[in-house]
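Each chain, written out:
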Amino acid sequence: TSTAPPVTSTAPSATSTAPTTPPAPDQAPAPASAAAPKEKPSPNEKLASVNDQPITRGEMDRELGRLLDLFRLNRDELGPDEMAKLRQTALEGLIDRELLFQSAQTMGVFVEEDEVAKKMETLRGRFPDENAFKAALEQVMLTPDGLKSEIRRSLAIGALIRKEFEEKTLVSEAESKQYYTDHPEAFRQPEQIRASHILVKVEEGSDDVVKAEAKKRAEALLARVKKGEDFAALAKEASECPSAAQGGDLGFFSRGRMVPAFEASAFTLEPGQTSGLVETEFGYHILKLMEKKPESVMSFDEVRPKLEAHMKEKKTETALADFLKDKRTKARIDILPEAQVGKAG
């Protein structure tokens, strides 16, 4: 189980519900779903501006495509209201990134051109040849120089976040101990067992004759187990589960991880005991319990590294959101009617 509540990735957007870390170094060129609208209006058309710096239709379309890919959605799957919300999320993310990039410039955070070139080559290397690379760029209305610009901006934003937020955010031992004390349920480990098994498979839809033959083979193996043959060796020899390579060892697992009949039998055994035949939708199993761990609470020392990393990430997110909120109040942000879903495609 997790040693702390789920950790979310640091996101520059204070308003977006989707991750908005700069996508260019790792995600551009975008897949086909980020293609331009069918009517293909000018990608350079201004849809909004931040301190007089334009946000274009091309940028909006790429960001929308990225979000569609992120959530594994197709434009045709979304109704008008859902698409409007997703476009708003995309626009808010673009505004936040522009504010962060402008802040990076103001605060003297820049990136080396060789770093930009390295990222560019990494992206180019994902395609079989130069023509395929350029075709992917054209699909999302980008030129190689345009991609370089996006990479440069993305790296600058990443450097700003690291320098001004991640590196300056600290979590004291007292803070982490207090969280540990206040959230005991987050560090509770349920009872766990480690079991091995031998499986004689029965394919789905098999007739009674096939099932009877499989059961007969399983009974013969069970007899050998009862005679004292080495369980792991027998599993390697006869089990039809991938775990056979490990002598049938399935490792530790808690309740709810296995199919009901298997789990019910496994949790009634004591270490060293073997079961009778256990039938599941996969076939016939013979189980052996190897170890049992009672329910426990992980100690502070055990969870401290992950807990402090989790707390630092959450504090960084909060500081970043506050920073962007302040920047928004001081910025000139203009959103044109064309940015709305009905106008922008």
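Cut-offs and rules
- Residues numbered from 1 in each chain as written.
- Predicted model: local features only at pLDDT ≥ 70, side-chain atom pairs only at ≥ 80, totals over all residues.
- Heavy atoms only, no water.
- Helix = DSSP H or I, 4+ residues; strand = E, 2+ residues; numbered from the N terminus.
- Buried < 20%, exposed > 50% of the residue type's maximum accessible area, 1.4 Å probe, protein only.
- Contact = heavy atoms within 4.5 Å.
- Arc of directions from axis to C-beta.
- Polar contact = N/O pair within 3.5 Å; in protein donor to acceptor, adjacent residues only side chain to side chain.
- Axes fitted to C-alpha atoms, helices over the stretch in contact; angles between N-to-C directions.
- Parallel < 35°, antiparallel > 145°, perpendicular 65-115°, else oblique.
- Nonpolar A, V, L, I, M, F, W, Y, C, P; charged D, E, K, R; others polar.
- Salt bridge = Lys/Arg side-chain N within 4 Å of Asp/Glu carboxyl O.
- Pairing = 2+ DSSP bridges.
- Phe/Tyr/Trp six-rings, centres within 6.5 Å; stacked < 30°, edge-to-face > 60°.
- Lys NZ or Arg CZ within 6 Å of the ring centre and 35° of its normal.

**Student:** Got a sec to walk through the overall build of the chain? Specific residues and values, please.
**Tutor:** Secondary structure summary: the chain contains twelve helices and nine strands in total. In the chain, buried positions account for 41% of the 345 residues. A fraction of 73% describes how many contacts in the chain between residues 6 or more apart in sequence connect residues 24 or more apart.

**Student:** Requested: an account of helix α9 (residues 231-238), with residues and values cited.
**Tutor:** Among the residues of α9, Phe231, Leu234 and Ala235 are the ones counted as buried. What you see down the axis of α9 is that its buried residues fit within an arc of 100 degrees, all on one side. Residues of α9 that are exposed and angled more than 90 degrees away from the buried face: Lys236 and Glu237. Buried residues belonging to α9 abut β4 (192-201), α8 (208-226), β6 (274-280) and β7 (283-293). For α9, the capping residue at the N-terminal end is Asp230, with a side-chain oxygen 3.3 Å from the backbone nitrogen of Ala232.

**Student:** Lay out the packing of helix α6 (residues 144-166) against helix α11 (residues 300-330) in plain terms, naming residues and giving numbers.
**Tutor:** Axis angle and axis distance: for two packed helices, these are the angle between their axes and the distance between the axes, and together they describe the pair. Contact geometry for α6 and α11: axes closest at 10 Å, N-to-C directions at 105 degrees. Compared by their axis directions, α6 and α11 come out roughly perpendicular. For the pair formed by α6 and α11, the contact residues are Ile161, Phe165 and Glu166 on the first element and Lys312, Thr316, Ala319, Leu320 and Phe323 on the second. In terms of residue class, the contact of α6 with α11 is built from five nonpolar, one polar and two charged.

**Student:** Explain unusual backbone geometry to me, using residue names and the numbers behind them.
**Tutor:** Of note in this structure, Asp52 is not a glycine but carries a positive phi near 75 degrees. Taking the relative accessible area as the measure of exposure, Asp52 reaches 55% and is therefore exposed. A positive phi is found at Met141, a non-glycine position, where the angle reads about 60 degrees. Positionally, Met141 belongs in the loop between α5 (130-139) and α6. Met141 gets classed as partly exposed once you look at its relative accessible area, which sits at 24%.

**Student:** Can you break down the pattern of salt bridges residue by residue, with the values?
**Tutor:** For the structure on display, the rule yields 26 salt bridges. The salt bridge partner of Asp96 is Arg328, with a shortest N-O separation of 3.0 Å. In this pair, Asp96 sits in helix α3 (residues 80-106) while Arg328 sits in helix α11, placing the two residues 232 residues apart along the sequence. In this structure Asp96 comes out as buried when scored by relative accessible area, which is 0%.

**Student:** Describe the pairing of β6, with residues and values.
**Tutor:** Relative to β7, β6 is paired through five bridges, and the arrangement is antiparallel. What sits directly across from Glu279, in β7, is Tyr284. Between β6 and β7, which pair antiparallel and follow one another directly, the connecting turn spans two residues.

**Student:** An account of the packing of aromatic side chains is requested, with residue identities and associated values reported.
**Tutor:** The final tally for this structure, using the stated rule, is seven aromatic pairs. Here the aromatic rings of Phe253 and Phe262 are separated by 6.4 Å at their centres, their planes lie at 50 degrees, and the arrangement is tilted. The same class applies to Phe253 as to Phe262, namely buried. With 6.2 Å between their ring centres and 80 degrees between their planes, Phe253 and Phe267 make a pair best called edge-to-face. With Phe253 in strand β5 (residues 249-254) and Phe267 in the loop between α10 (260-266) and β6, this pair connects stretches of sequence that are 14 residues apart. For the residue pair Phe253 and Phe267, the accessibility class agrees, reading buried in each case. Members of the aromatic cluster, connected to one another through ring pairs, are Tyr179, Tyr180, Phe187 and Phe300. Sitting above the plane of the Phe101 ring, Arg153 keeps its charged end 4.4 Å from the centroid. We note Arg255 situated over the ring of Phe267; from NZ or CZ to the ring centre the distance is 4.1 Å.

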